[in-house]
Amino acid sequence: MPLPVYTRLMARTAEMLAMPHLACHHRDCRRKNACRWYFETSGKPSCLRNLSAEQRQIFDEFYAQTLIIIEHGGHHGLTYAWGDTDQRALFDACVEIARTAIPPPDKRRFDAFRRDREKIPTSPVAQQTK
């Protein structure tokens, strides 16, 4: 099932992965390291077409996790302390991407969610030493 397209969120995800600088053919995107060009018909950033299949898979993984965090982050006491510590950096980056898309009335709740996530140990070793 294809992921829903939210142009602004896709652009922020691409910027987190430095795609405007590394993969975009538009000069102003590379200079500012910001997504400025997107396809009007699909709403997707134009740099996505320049990615290999493996690179696109990584982008889609970041984008999908960001969508999940926006939808569920901080609701009902969920802090998303994903058990896989190898992917903690990915999830932390997705939380930061999601923060850019949260509407102003929800920012306080989302910031509390971010602070709660930071308190969660990053590895089982860290849990045992406390």
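Residues numbered from 1 in each chain as written. Predicted model: local features only at pLDDT ≥ 70, side-chain atom pairs only at ≥ 80, totals over all residues. Heavy atoms only, no water.

K.L.:
An account of the confidence of the model for the chain is requested, with residue identities and associated values reported.
P.N.:
Confidence in the prediction of the chain, expressed as mean pLDDT, is 81, and 82% of residues score 70 or more. Note that pLDDT drops below 50 for residues 126-130; the model gives that stretch two contacts with residues more than four away or on any other chain. (pLDDT = per-residue confidence, 0-100. Contact = heavy atoms within 4.5 Å.)

K.L.:
Tell me about the packing of helix α5 (residues 88-99) against helix α6 (residues 107-118), and please be specific about residues and values.
P.N.:
Relative to each other, α5 and α6 sit at 165°, their axes nearing to 11 Å. The angle between the axes of α5 and α6 places the two elements in the roughly antiparallel class. Both α5 and α6 take part in a crossing whose hand is left-handed. Contact with α5, carried on its side by Arg88, Phe91, Asp92, Val95, Glu96, Ala98 and Arg99, involves Lys107, Phe110, Asp111, Phe113, Arg114, Arg117 and Glu118 of α6 and no other residues of that element. Each residue belonging to the contact of α5 with α6 can be placed in one class, and the counts come to five nonpolar, no polar and nine charged. (Axes fitted to C-alpha atoms, helices over the stretch in contact; angles between N-to-C directions. Helix = DSSP H or I, 4+ residues; strand = E, 2+ residues; numbered from the N terminus. Parallel < 35°, antiparallel > 145°, perpendicular 65-115°, else oblique. Left-handed = near helix turned anticlockwise from the far one by under 90°. Nonpolar A, V, L, I, M, F, W, Y, C, P; charged D, E, K, R; others polar.)

K.L.:
Quick rundown of α5? Include the residues and the values.
P.N.:
Relative to the 16 Å expected for twelve residues at 1.5 Å per residue, α5 spans 17 Å between its end C-alpha atoms, a close match to the ideal helical length. If you check which residues of α5 are buried, you get Arg88, Leu90, Phe91, Ala93, Cys94, Val95, Ile97 and Ala98. Among the structural elements, α1 (7-16), α4 (53-72) and α6 are those in contact with the buried residues of α5. (Expected span 1.5 Å × (residues − 1). Buried < 20%, exposed > 50% of the residue type's maximum accessible area, 1.4 Å probe, protein only.)

K.L.:
Can you tell me about the pattern of salt bridges, naming the residues and giving the values?
P.N.:
Applying the stated criterion to the full structure yields five salt bridges. Note that Asp60 and Arg56 form a salt bridge whose closest N and O atoms lie 3.0 Å from each other. Of this pair, Asp60 and Arg56 both sit in helix α4, separated by four residues, roughly a single helical turn. Judged by its relative accessible area of 24%, Arg56 falls in the partly exposed class. The partner of Arg114 in a salt bridge is Asp111, with the nearest N and O atoms 3.1 Å apart. Taken together, the positions of Arg114 and Asp111, both in helix α6 and three residues apart, correspond to about one turn of that helix. Each of Glu96, Arg99, Asp111 and Arg114 takes part in salt bridges that share partners, so that together they form one network. (Salt bridge = Lys/Arg side-chain N within 4 Å of Asp/Glu carboxyl O.)

K.L.:
Please set out the state of the cysteines residue by residue, giving values where relevant.
P.N.:
Going through the model one piece at a time under the given rule, you end up with zero disulfides. No disulfide involves Cys29; its sulfur sits 3.8 Å from the nearest other cysteine sulfur, which is in Cys24. With no disulfide of its own, Cys47 lies closest to Cys35 among cysteine sulfurs, the gap being 4.3 Å. Exposure remark for Cys47: the relative accessible area of 2% places this residue in the buried category. (Disulfide = S-S within 2.5 Å.)

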